[in-house]
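# Notes for the structure review
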Amino acid sequence: MPTERGTTSNTDRIMDLWVNSWIAALVVGTITWGLIIWCLVAYRRRKGTVGFPRQTSFNLPLEVFYLTIPIFMVLVFFYFTDRDQQAIDDRSQPADVVVDVRGKQWAWDFNYKSGNVIQEDLHEAGVQAHLTGNPIDKEQLPTLYLPVNKSVDLELNSRDVIHSFWVPAFLQKRDMIPGKTNYIRFTPTKEGTYDGKCAELCGEYHSEMLFRVKVVSESEFQAHMDQLKAEGNTGLLGVDYDRNPNLNETK
């Protein structure tokens, strides 16, 4: 269901498409059910009526109406969906921040690539959460840091099986497929900490594949990058750490 507006550059567009689609569906549904109920009442079998009513083999104007109206509705839905999808996935301009997000059974690695905002390649390796029925310490979850009001490209990759990157507050979700890179482009516009999870059943501990996204000021973001550098987390954790037997070849 729709969340708070203005979380990212895409949430308002996604929310408007969702809500307006439901409004259109409710209007069509109301008219359809109204016509059905009217037909049930107006053409019900009266007491004392015998035999069958007069049969009509065809009604060309009515059949043309039944054909053109649904086609028009589908085209309208397609136009607005395609328009918003192209705007959301537009990567024609380079992003300020590029992060290679790698899902793994059952945690996350975040590779911060050097660019306009990040001075050198840095990484942060996440550790799987452990759910015991007691409240978990969310500060220990893998955490993706993003600067507010900076465009972000998330390069989504998997180290082993199919995962899915999902931050409910961002209203965007995309699969992470071994051997294929998918992308999410957005600009976080509101500071805060947002919960995320894997949305694709990926094995025994799928429910423990949790993470968080912290949208912070640029100065706080740079401070976190400096902390990673001081901890020796330079470079990227790339494909060397992937586990994909389907791609392993004996030479």
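This one's a predicted model, so the numbers in the text were calculated from it and none came from an experiment. (Residues numbered from 1 in each chain as written. Predicted model: local features only at pLDDT ≥ 70, side-chain atom pairs only at ≥ 80, totals over all residues. Heavy atoms only, no water.)

### Things to note about a nonpolar patch on the surface
- Nonpolar side chains collect at one region of the surface, where Trp18, Val19, Trp22, Ile23, Leu26, Val27, Ile31, Leu35, Trp38 and Tyr43 lie side by side and expose about 1100 Å² of accessible area between them.
- Checked against the element boundaries, Val19 lands in helix 1 (residues 11-42).
- Of the residues examined, Val19 reaches a relative accessible area of 35% and is grouped as partly exposed. (Patch = residues over 30% accessible without salt bridge, like charges linked within 9 Å, V, L, I, M, F, W, Y side chains within 5 Å. Areas by Shrake-Rupley, 256 points an atom, 1.4 Å probe, with all protein chains shown as cover. Salt bridge = Lys/Arg side-chain N within 4 Å of Asp/Glu carboxyl O. Helix = DSSP H or I, 4+ residues; strand = E, 2+ residues; numbered from the N terminus. Buried < 20%, exposed > 50% of the residue type's maximum accessible area, 1.4 Å probe, protein only.)

### Re the UniProt feature "transmembrane region" (unreviewed entry) in the protein chain
- Per the UniProt annotation, the sites labelled "transmembrane region" (unreviewed entry) are residues 22-43 and 64-81.
- End C-alpha atoms of residues 64-81 are separated by 26 Å, and the span's content is 100% helix alongside 0% strand. (UniProt positions renumbered as here; feature names shortened; annotations may be inferred.)

### Description of the pairing of strand 7 (residues 172-176)
- Judged from the five bridges that link them, strand 6 (residues 163-167) and strand 7 form a sheet pairing that is antiparallel. Across the sheet, residue Trp166 finds its bridge partner in strand 7, namely Lys173.
- Counted along the chain from strand 6 to the antiparallel partner strand 7, the turn is four residues long, and its residue Leu171 has a positive phi close to 60 degrees. (Pairing = 2+ DSSP bridges.)

### Examining the side chain of Glu208
- With respect to the element layout, Glu208 can be found in the loop between strand 9 (192-198) and strand 10 (210-216).
- Although Glu208 is buried, it makes no salt bridge; Lys104 carries the closest opposite charge, 13 Å away.
- Contact partners of Glu208, with chain neighbours within four places excluded, come to Trp106, Gln128, Ala129, His130 and Leu131. (Lys, Arg positive; Asp, Glu negative; His and termini not counted. Contact = heavy atoms within 4.5 Å.)

### As for the packing of aromatic side chains
- The final tally for this structure, using the stated rule, is 12 aromatic pairs.
- Ring centres of Trp38 and Tyr43 lie 5.6 Å apart, and the angle between their planes is 85 degrees; this geometry places the pair in the edge-to-face category.
- Looking at Tyr43, the relative accessible area reads 62%, which means it is exposed.
- With 5.2 Å between their ring centres and 55 degrees between their planes, Phe170 and Tyr194 make a pair best called tilted. Here the residue Phe170 occupies a position in the loop between strand 6 and strand 7, and Tyr194 occupies one in strand 9, the gap between them amounting to 24 residues. The pair formed by Phe170 and Tyr194 is uniform in burial state, with each residue classed as buried.
- The rings of Trp108, Phe110, Phe165 and Phe211 are connected pair by pair, giving a single aromatic cluster.
- The ring of Tyr183 carries the charged tip of Arg91 above its face, separated from the ring centre by 3.7 Å.
- Its guanidinium or amino end placed over the ring of Trp166, Lys173 lies 5.1 Å from that ring's centre, counting from NZ or CZ. (Phe/Tyr/Trp six-rings, centres within 6.5 Å; stacked < 30°, edge-to-face > 60°. Lys NZ or Arg CZ within 6 Å of the ring centre and 35° of its normal.)

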